[in-house]
Amino acid sequence: MLFNSLHFILFLPVVVLLYYILAPRFRWILIFVASCYFYMAFVPKYILILFLIIVIDYLSALWMEKYQGRIKKAFLVFSLLSNVLLLAFFKYFHFINDNLVDLFALAGKEFHPFQLNVILPIGLSFHTFQSMSYTIEVYRGTQKAERHLGYFANYVLFFPQMVAGPIERYSTLGNELRTEHTPAYSNFSDGFRLLLFGLFIKMTVADNLAPLVNAFYENPLKHSALDACIALVCFSLQIYADFYGYSTIALGSAKLLGINIMDNFKTPYLSKSISEFWTRWHISLSTWFRDYVYISLGGNKVKMARWSLNIMIVFLVSGLWHGASWTFVCWGFLHGLFRLLEQWVNRLTGFKADNQSGLIKGILIIKTFILTTLIWVFFRAESFDKVKQVFTALCQNIHLPSLLNPGYLVTVLVAVLLISDVWLKNNRVDTVLGTLPFAIRWSVYAVLLFGLMALSGTQKFSFIYFQF
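Residues numbered from 1 in each chain as written. Predicted model: local features only at pLDDT ≥ 70, side-chain atom pairs only at ≥ 80, totals over all residues. Heavy atoms only, no water.

A. Representation of the overall build of the protein chain within the structure. Counting secondary structure elements, the protein chain contains 18 helices and zero strands. For the protein chain, whose C-alpha radius of gyration is 23 Å, the value lies close to the compact-globule estimate of 23 Å for 468 residues. Here the C-alpha coordinates of the protein chain stretch approximately 70 × 70 × 50 Å along the principal axes. Counting only residues that meet the buried cut, the protein chain has 54% of its 468 residues in that class. Long-range pairs, those at least 24 residues apart, make up 77% of the contacts in the protein chain with a sequence separation of at least 6. For the protein chain, the exposed surface amounts to about 21600 Å²; the carbon and sulfur share of it is 68%. Computing the positive centroid from 37 side-chain charges and the negative centroid from 24, the protein chain places the two 7 Å apart. (Helix = DSSP H or I, 4+ residues; strand = E, 2+ residues; numbered from the N terminus. Rg over C-alpha atoms; globule rule 2.2 N^0.38 Å. Buried < 20%, exposed > 50% of the residue type's maximum accessible area, 1.4 Å probe, protein only. Contact = heavy atoms within 4.5 Å. Areas by Shrake-Rupley, 256 points an atom, 1.4 Å probe, with all protein chains shown as cover. Lys, Arg positive; Asp, Glu negative; His and termini not counted. Charge placed at Lys NZ, Arg CZ, Asp CG, Glu CD.)

Encoded structure:
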């Protein structure tokens, strides 16, 4: 079920109404049924994979609390391996097969790959990471094992964030799901604001940018350098608006139930460095890798050479997590490389971005945006050949006429997105709108509703991060 569908618009009010009608002790059943229905609207049979993850991690956590030493560690390893192998099978089966074929070919031998029709279940990467965070915390002793299977299942399945995050910890979402929530005007008003703004950002901004980006990437070499510049900037803004819109809708949907989930974005394109960018972009994933990979490798409590290796491992794994392709690995590698270069330069020069003037900060923001925009090519392109075509168009097709025309509407929508980011730099949209005078606040609502009804893209695009 897509957030930007009539199905969801009808589904959500029914769930909210029933949630507050039911006695608190029965609400977990409603959340469970609603979440299963929400997920099964995509491919019903794949719900069985999530049930398997739930049962394995639920039992593993209970056994980890019961035993100590090697047995306790064995249950953690069992839990983690189960999640990783399930993810590897569904997400990387074809990737591994293709690479084995290439590897055997280099050795002058022939490899006959296994022929299986494996399709990645929607959101499996998010489900496995969220569930693994729970078992790791139980193993570390920072989280008590949940005895109630229904509440744990809801933690893994919770429909507002189950497909594309944010990746929540049990100490926050688990407690929120157990709390007895009562109807509150503030939850309804904030939830409505978040939903409205998230739908506007997705359907009016991201979906109007998508056709321009798709038109360029179909055949980059027939486009001019100007087209390439336009398309690259448009994709940076499209993927941001798409994922930011999803995360905001998720926040709003949960808020209607009185449940708080974490902010996943904080104006990332106003970052002054790659390091800062990753504290503002997909925050739940960044903190997951920090807490469970980076710190486990030694974090920054090691020598510089080892720290640099830790950073690169985190970004390489992050790239591979995003997609079963070497282009994604390269995307992660480049982010890691520039993260290290910034750190090394700052150490050598003593440079601190926060101590600079407004002009220098502005230049740093532009620099970071250009870097991330160029690196996004490896994320969007289907192959290295396509990457080569994009950069060829960017560097060589100077004299070709421009074929892409962003148009007045798209230009205005991009301006709206950028202005809203500056406006919301230190606050969330529901908080900011709540402080506005009545007339101005409802004028903003009217503009957002008009944008949704009159300016939404003619095509309905799925959310980009659903593929992960």
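On we go from here.
B. Representation of helix H9 (residues 225-256) in the model. With 32 residues, H9 ought to run about 46 Å at 1.5 Å a step, and its terminal C-alpha atoms sit 46 Å apart, in line with that. The element H9 is extensively covered by neighbouring structure, given that 29 of its 32 residues are classed as buried. Remark: Gly-258 follows H9 within two positions and exhibits a positive phi of approximately 80°. (Expected span 1.5 Å × (residues − 1).)

C. Spotlight on the pattern of salt bridges. All told, the structure shown has 14 salt bridges when counted by the stated rule. The closest approach of N and O atoms between Arg-147 and Glu-65, which form a salt bridge, is 2.4 Å. With Arg-147 in the loop between helix H5 (124-140) and helix H6 (149-157) and Glu-65 in helix H3 (residues 47-66), the pair connects residues that are 82 residues apart, well separated along the chain. For Glu-65, a relative accessible area of 27% gives the class partly exposed. Between Asp-190 and Arg-193 there is a salt bridge; the shortest N-O distance is 3.0 Å. Of the two residues, Asp-190 and Arg-193 are both situated in helix H8 (residues 185-218); the distance of three residues between them amounts to about one turn of the helix. Each of the two residues, Asp-190 as well as Arg-193, counts as buried. (Salt bridge = Lys/Arg side-chain N within 4 Å of Asp/Glu carboxyl O.)

D. Quick peek at the packing of helix H4 (residues 69-106) against helix H12 (residues 304-322). Two elements in contact, H4 and H12, have axes whose closest approach is 10 Å; the angle formed by their N-to-C orientations is 95°. It follows from the interaxial angle that H4 and H12 lie roughly perpendicular. Across the interface between the two elements, Lys-91, Tyr-92 and Phe-95 of H4 pack against Leu-320, Trp-321 and His-322 of H12. Looking at side-chain class alone, the contact of H4 with H12 contains four nonpolar, one polar and one charged residues. (Axes fitted to C-alpha atoms, helices over the stretch in contact; angles between N-to-C directions. Parallel < 35°, antiparallel > 145°, perpendicular 65-115°, else oblique. Nonpolar A, V, L, I, M, F, W, Y, C, P; charged D, E, K, R; others polar.)

E. Region of interest: the nonpolar core. Phe-159, Trp-281 and Tyr-465 are the most contacted members of the largest nonpolar core, which totals 142 residues. Here this core takes 18 residues from H9, the largest share from any one element. The residues contacting Phe-159, other than those within four sequence positions of it, are Phe-3, Phe-8, Phe-11, Leu-12, Val-15, Ala-34, Ser-35, Phe-38 and Leu-257. (Core = buried A, V, L, I, M, F, W, Y, C linked by side-chain atoms within 4.5 Å.)

F. Region of the structure containing H5. The end-to-end C-alpha distance of H5 is 24 Å, a good match for the 24 Å that 17 residues give at a rise of 1.5 Å each. Judged by how many residues are buried, H5 sits mostly within the fold: 15 of 17 residues are covered. After H5 finishes, the residue Gly-141 shows a positive phi value of roughly 85°.

G. Just the environment of Ile-274, in detail. Mapped onto the elements, Ile-274 comes out in helix H10 (residues 274-280). Through-space distance from the C-alpha of Ile-274 to that of Glu-342 is 7.8 Å; in sequence the pair is 68 residues apart. Ile-274 has contacts with His-335, Phe-338, Arg-339, Glu-342, Thr-368, Leu-371 and Thr-372, leaving out every residue within four places of it along the chain.

H. Geometry of the side chain of Asp-227. With respect to the helices and strands, the residue Asp-227 is situated in helix H9. The buried charged residue Asp-227 lacks any salt bridge partner; its closest oppositely charged side chain belongs to Lys-222, at an N-O distance of 8.9 Å. Separated by 2.6 Å, the side chains of Asp-227 and Ser-402 make a polar contact. A polar contact is formed between the side chain of Asp-227 and the backbone nitrogen of Leu-403, at a distance of 2.8 Å. Residue contacts for Asp-227: discarding those within four places in its chain leaves Phe-216, Pro-401, Ser-402, Leu-403 and Leu-404. (Polar contact = N/O pair within 3.5 Å; in protein donor to acceptor, adjacent residues only side chain to side chain.)

I. Representation of the packing of aromatic side chains. For the structure shown, the criterion picks out 62 aromatic pairs. With 6.0 Å between their ring centres and 70° between their planes, Trp-278 and Phe-315 make a pair best called edge-to-face. Linking Trp-278 in helix H10 with Phe-315 in helix H12, this pair joins segments that are 37 residues apart in sequence. Take Trp-278: its relative accessible area is 10%, and that puts it in the buried class. Overall, Phe-315 belongs to the buried group, its relative accessible area being 11%. Above the ring of Tyr-19, the side-chain terminus of Arg-27 is found at 4.7 Å from the ring centroid. The residue whose ring lies beneath Lys-45 is Tyr-46, and the NZ or CZ to ring-centre distance is 5.9 Å. (Phe/Tyr/Trp six-rings, centres within 6.5 Å; stacked < 30°, edge-to-face > 60°. Lys NZ or Arg CZ within 6 Å of the ring centre and 35° of its normal.)

J. Geometry of the confidence of the model for the protein chain. When the pLDDT values of the protein chain are averaged, the result is 91; 99% of them are 70 or greater. Confidence scores differ between elements of the protein chain, with helix H16 (residues 407-423) showing the lowest mean pLDDT of 87 and H6 the highest of 96. (pLDDT = per-residue confidence, 0-100.)

K. Expanded view of the environment of Asn-427. Here Asn-427 is to be found in the loop between H16 and helix H17 (429-435). Sequence separation between Asn-427 and Ser-357 is 70 residues, and the spatial gap between their C-alpha atoms is 23 Å.

L. Geometry of a nonpolar patch on the surface. Side chains of Val-14, Leu-17, Leu-18, Ile-21, Leu-22, Phe-26, Ile-29 and Val-33 sit close together on the surface and give an oily, nonpolar patch of about 680 Å² of accessible area. Of all the secondary-structure elements, those providing two or more residues to the nonpolar patch are helix H1 (6-21) and helix H2 (27-40). Take Leu-18: it is sitting in helix H1. (Patch = residues over 30% accessible without salt bridge, like charges linked within 9 Å, V, L, I, M, F, W, Y side chains within 5 Å.)

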